[in-house]
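# Descriptive structure summary
These are the residues of each chain, in order.
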Amino acid sequence: MRVLVVEDYEPIREAVAQALREDGFAVDTAIDGKNGLWMARSSEHDAIVLDIMLPEIDGFELLSSLRSDDINVPILLLTARDGIDDRIRGLNGGADDYLVKPFAVAELVARVHALIRRSYGDADSKIVIGEIAIDTAARNVQRDGKAIELTAREFALLELLARKRGKVVSRTEIWNSLYDFSSESTSNVVDVYIGYLRKKLDRGAVDSFIKTRRGQGYIIEGSSE
């Protein structure tokens, strides 16, 4: 999953970005509203963490511009003021959630996960497809009740495919979801990580859990139980 963090105060911006990256997200960052608006319009994100008090363009104006452009990505507002008027204005303007500074970074990460789950129509954090059980909150995977150890990047790839289960996901879409603007990864990295996942998930099964659609991309078939 890919998240945009728009925050002008460097310590908060870097702390949030680091926590999200450690949890497997690809993270883009912007230091002002003008750059944040450009990045939000230029690339698809699964969620946006948006500070209200920003130089150039404030968070309310940025939020309004995105919603006017029919960009419906989930947005979590950050505010230094615990006033109900700001919260009402943000929520009425199209924000999906908010946090008042100072906040626990772990709570912010949990809220981002919850927003993304809802945006994909998954009310529960657990996705069960056949023998595979994925808990997106606890960040663990099991096959027939046995734990499978995945890296943060492997889990992010599996989560993406599982949330889009039944649909072919192209290599470009995978790349755009898992790698941020600053990534210098090689062009075959998607195929490499698919290989890693298959080795860990299939365990000698006749049919691979992740199937290839030649010339199109990858798909996890079936629906969540």
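Per an unreviewed UniProt entry, the chain is named Transcriptional activator protein CopR, and its organism is Stieleria magnilauensis.

According to the stated counting rule, one finds 18 salt bridges in the structure shown. Between glutamate 159 and arginine 139 there is a salt bridge, with the nearest N and O atoms lying 3.0 Å from each other. Separated by 20 residues along the polypeptide, glutamate 159 in helix H6 (residues 152–163) and arginine 139 in the loop between strand S7 (132–135) and strand S8 (140–143) bring together distant segments of the chain. By relative accessible area, which is 21% here, arginine 139 ends up partly exposed. Among the ionic pairs, arginine 171 bridges to aspartate 191, the shortest N-O distance being 2.8 Å. Placement of the pair is arginine 171 in helix H7 (residues 171–178) and aspartate 191 in helix H8 (residues 189–202), with a sequence separation of 20 residues.

With that settled, consider the confidence of the model for the chain. On average, residues of the chain score 88 in pLDDT, and 93% of them reach the 70 mark or higher. Per-element confidence in the chain is highest for strand S3 (residues 47–51), whose mean pLDDT is 96, and lowest for H7, whose mean pLDDT is 82.

Conventions used here
Residues numbered from 1 in each chain as written. Predicted model: local features only at pLDDT ≥ 70, side-chain atom pairs only at ≥ 80, totals over all residues. Heavy atoms only, no water. Salt bridge = Lys/Arg side-chain N within 4 Å of Asp/Glu carboxyl O. Helix = DSSP H or I, 4+ residues; strand = E, 2+ residues; numbered from the N terminus. Buried < 20%, exposed > 50% of the residue type's maximum accessible area, 1.4 Å probe, protein only. pLDDT = per-residue confidence, 0-100.

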